[in-house]
Structures are given as C-alpha cells and as structure tokens.
Amino acid sequence: MTGPIWLGPRRAAALAERFGTPFYAYSARTLRARCRSLARAFPGAAVRYAMKANANPAVLDLERREGMGVDTVSPWEVRLAREVGFRKRDIVYSGSMPSDDDLAAVHREGVTVNLDALTSLHRYGKRFPGARVSLRLNLEIGGGHHPHVITAGPDSKFGLSADDLPEARAICATHGLQIVGLHQHIGSGIFEASLFLDALDALLACLGDFPALEFVDVGGGFGVPYRDDERPVDLDAWGKAVTARFDAAVASYGRPLTLVLEPGRYVVCEAGLLVARVTTLKRTRDRVFVGTDSGMHHLIRPALYQSWHPVATWPRRDVKPERCFVVGPICESGDVLAEDRLMPVPEEGDLVVVGNAGAYGFAMASHYNLRALPAEVMVDGDEWTLIRRRERYRDVIPR
Ligand code: LLP
C-alpha cells in the first residue's frame, strides 16, 4: 500500500500479532526515498538530519548510510549520534539555553557548536578559548504550522538579533572564538518557499561581516502534507531557488562555503505509523468514542497542536460511517488521536493506524499515567525488525 497509511490490514494484523500493540512502524523505503529527494534537490549541500524528530538508532543509522549528517540539541543526542557512527564533522549542536555542563560535554565530543545567546558565547569562550563556533541568528522572519513551532521573530527565545551581532563578534574576538558558521531555523511545517527564501536572503546579507565562514546553515522546516487538502512542497523547485541564491552569495563572498540544511519532519514524518488496538467502543448521547491502547502519551501532536493525522481502521468494516473521536487511556479529556472523524465505526479488537507519525511521535512520547513507551518496528519490503522493544515495568520505574 502507498500513501500515509502504507500498512494494509493483513500486514498490520501480522505485526500486531508478532509485537503486540501499540507500536510505531517505519518504512525503510520511504526513509531512503526522502533522503534521496533531498540529495537530488540540494546537490552539494550537507544535509544534517534533525534527530529530535526521531532518534531511534536504526533510523539514524539508515540516514547515516544515506550520507546525512545530524543536527543535535542535547549532549545525549550528540552521544547517540557518535555511537551510531556519525563523524564529528557531520554533527552540529544547536542546543537552546545550554548549561555549562552541556557546553563542556559537547565540546569534549568535538562537534561544531552553534550558539545563540551573548552569555553562552562568553561562557563558552572563557572556558574554551580559540574554539570554533557558529552563530544562530534570528532575523525576525519566522513561520510554522502552529505558534509553538515558530522559532524566529520578536517573541522567540531563539537566535541572536541583528543588533546583537557587533557584541557577539566582540565577545568572540576577546576569546579568540572562530566564527565558522552562520545558522538560522525559522520554524517547522513551512509550505511557502517565499518565506524560506526571504529568511535566506536576510541571512545571506550578513555574510560580509564574517570573513572566516565555512558554512551557512539554513535550518529545516520543510512542510509535509497531513490533511488531504495539503500539497507536498515542490522540493526540487525549492532546491533550485535556494541553491541559486546561495551560489550568488558565495560568489560575492569570495570564498567557498557549504550550504547546510537541517530537515527533521521531511525525512521521517511520512515513513511512520502508530498502530493501536481498539480496547473500548463507547457511545454517549452525543459522541462515538473509539478508545484505544495508545493516546497522547505516545502521539501528543493532536493534543498539543491540534494536529490532524490520517487514520484508518483495520479490518475494513462495511458499516455506515459515523463521526468518531479516537481517544486513548490517559486521564485527560485532551487525550485524542483524531477528533470528530467520519469513519466506519470499528469493533473492539480492531486496529487503528495513525499516519504521518514518524516525526515528533515516539520522540515526544512520555510515561504519563505510568504507561510504557511503545515498541518500534522497521519495515523494509517484506522484512520487519523490532528496533526498540516495548518497555517493561522496570524500564519505567528503575530501582
Ligand atoms: N533545526 C533546528 C534548530 C530545529 O529546532 C528544528 C526543529 C529542526 C532543525 C527541524 O525542523 P523540521 O524540519 O522537523 O520542521 N514538535 C513539533 C516540531 C518542533 C520542531 C522543533 N525544531 C511538531 O510535532 O510539529
């Protein structure tokens, strides 16, 4: 099967039988295809996958084999990336509000450190004079699918403003920090190329003030369609436009520069499904609740951002579609996977498959209500591999 629900009734049932529910399933084919589309659309660019979107080691390993680097935001992300085999030079660390311990840990790993506060530069420089750094800028152009994921603009905690730059340069000079990169990430779930290009222009306009750059990192954020009426971004067109502007800027900069991208969602979103089982079908006066063994603790996006994810129920039931609320076992009324969705009402024991769950799904899962994190399975053609087992009581409550 293709499309967001790429697992049909028979295979979903076989996997559920084998591994139990709930579980995340990832399509290795889709993951590879997304890596290759990026490489084709942005020839010559270094793609650093934003591992916050999905940090399963098997997913990371697949991407490493496809030639990607990795964008990290915590010392343990750096540690895992190294463990999976990413080379130091292919890892960027862009943590927000890093502690001294964070800075020391990532410095020890020898990866490129991207900083976005004057005091972080100062603390880093004092401790590690002469180190290489990149600066994250906030040039007031931001965007994204929800206010929570817009990461530039006047209200954002991210980035140095244009006004901060003279002082940032002075701090770096004081400590001999070498500014080797400029970075920005304007937000997540962006569909308008024009917004991305305006932000790119603003970033490229800053190059002249930084004579020793090696790379320019334009962040991630490429939108992925979730709803039927959303269209995929034209990545090739986007790539052409970005590359043309970047090449022109490099020509006037006068030294070679690497273009860096940090997509997360684009790489993993459509490859992932969450498969749950209907535990309880409940009709109230006004609503039909399809209760499942997964919920906001495994996929928080519908509760947190009111995100719409495609949903199918297996097996196909030949019954009149009704408006259903697909919910989980968590003790909150916000525990929804799909709201008010017209669908054939499933029976208890049927499977619910939630699409576009590969990005920020498992990665944002929690133990809320003391429930285990689900299993994760990689599906590669006719083969499947358990890539993380379901948690047990002692994994959640260590002694
Ligand atoms: N680079 C940096 C510095 C980032 O902070 C992010 C995402 C990315 C790259 C990758 O962005 P992407 O290509 O995935 O849009 N939990 C939210 C998304 C939060 C994104 C956070 N930063 C969601 O589920 O929609």
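Predicted model, so just to flag it, every value in this text is computed and none were measured.

This part takes up the site of the ligand. The full set close to the ligand counts 19 residues, and His145, Ser188, Glu262, Arg301 and Tyr360 are the nearest of them. Measuring from an oxygen atom of the ligand, one finds a backbone N or O atom of glycine 264 at 2.8 Å. At a separation of 2.8 Å, a nitrogen atom of the ligand approaches a polar side-chain atom of tyrosine 305. When the free accessible area of the ligand is taken as 580 Å², the share hidden by the protein chains comes to 92%. A per-class count over the shell around the ligand returns six nonpolar, seven polar and six charged.

Below, the discussion takes up the pattern of salt bridges. Summed over all chains, the structure comprises 19 salt bridges. Between aspartate 201 and arginine 245 there is a salt bridge; the shortest N-O distance is 2.9 Å. Taken together, the residues aspartate 201 in helix α8 (residues 193–204) and arginine 245 in helix α9 (residues 235–253) connect sequence positions 44 residues apart. We classify arginine 245 as partly exposed; its relative accessible area is 32%. Salt bridges sharing common partners tie together Arg48, Arg87 and Asp90.

What follows deals with the pairing of strand β11 (residues 288–292). With four of its five residues buried, β11 lies for the most part within the structure. Taken together, the five bridges between strand β10 (residues 272–283) and β11 define a ladder with antiparallel strand orientation. Across the sheet, residue threonine 280 finds its bridge partner in β11, namely glycine 291. Taking the residues that link successive antiparallel strands as the turn, the β10-β11 hairpin has four residues.

Before going further, it helps to examine the environment of leucine 273. When you line up the elements, leucine 273 lands in strand β10. According to the relative accessible area criterion, leucine 273 is buried, its value standing at 0%. Once the C-alpha coordinates of leucine 273 and histidine 309 are considered, the two residues, 36 residues apart in sequence, prove to be 10.0 Å apart.

Each turn of an α-helix holds 3.6 residues, which means side chains three or four residues apart point in the same direction. Taking 1.5 Å of rise per residue, 14 residues should cover 20 Å, and helix α2 (residues 28–41) covers 20 Å from first to last C-alpha, within 8% of that figure. Taken residue by residue, α2 has Ala28, Thr30, Leu31, Arg34, Cys35, Ser37, Leu38 and Ala41 as its buried positions. Those residues of α2 that are buried lie in contact with β1 (23–27), β2 (46–50), α3 (57–65), α9, α10 (265–268) and β16 (375–380).

Quick look at the environment of lysine 126 now. Within the element layout of this structure, lysine 126 appears in helix α6 (residues 118–127). Look at lysine 126 and you get exposed, because its relative accessible area is 62%. Expressed as a C-alpha distance, the spacing of lysine 126 and leucine 177, which sit 51 residues apart in the sequence, is 9.5 Å.

Bringing the environment of serine 156 into the picture now. Following the sequence through the fold, serine 156 ends up in the loop between β6 (132–136) and α7 (165–175). Counting along the chain gives 18 residues from serine 156 to asparagine 138, while the straight-line C-alpha distance between them is 8.2 Å. Those residues in contact with serine 156 that lie beyond four places of it in its chain are Asn138, Ile150 and Thr151. Of the polar contacts made by the side chain of serine 156, one reaches the backbone nitrogen of phenylalanine 158; its length is 3.1 Å.

About the cut-offs
- The numbers attached to residues start from 1 for each chain and follow its sequence in the written order.
- Note on the predicted model: pLDDT of at least 70 is required for a residue's local features to be given, and 80 or more for side-chain atom pairs to be given and counted; whole-chain, interface and lining totals, by contrast, use all residues.
- Side-chain numbers here rest on the full set of heavy atoms in the structure, without hydrogens or water.
- Nearness is defined per residue: one heavy atom within 4 Å of the molecule or strand is enough.
- Polar contact is defined as a pair of N or O atoms within 3.5 Å, subject to the rule that within protein one atom must be able to donate a hydrogen and the other to accept it, and that residues adjacent in sequence are counted only when both atoms are side-chain atoms.
- Surface accessibility follows the Shrake-Rupley procedure with a 1.4 Å probe radius. Residue values consider only the protein chains on display as shielding.
- Note that Gly is not counted as nonpolar here; it falls among the polar residues with everything else outside the nonpolar set of Ala, Val, Leu, Ile, Met, Phe, Trp, Tyr, Cys and Pro and the charged set of Asp, Glu, Lys and Arg.
- In what follows, salt bridge is the name for a side-chain nitrogen of Lys or Arg lying within 4 Å of a carboxyl oxygen of Asp or Glu.
- Working definition: helices are DSSP H or I runs of at least four residues, strands are E runs of at least two. Numbering for both runs from the N terminus.
- The rule is simple: take the accessible area with a 1.4 Å probe, protein chains only, and divide by the maximum for that residue type; under 20% is buried, over 50% is exposed, in between is partly exposed.
- At least two DSSP bridges between two strands are needed for those strands to be called paired.
- Expected helix span is computed as 1.5 Å times (number of residues minus one).
- The contact rule is simple, with two residues in contact once any of their heavy atoms fall within 4.5 Å.

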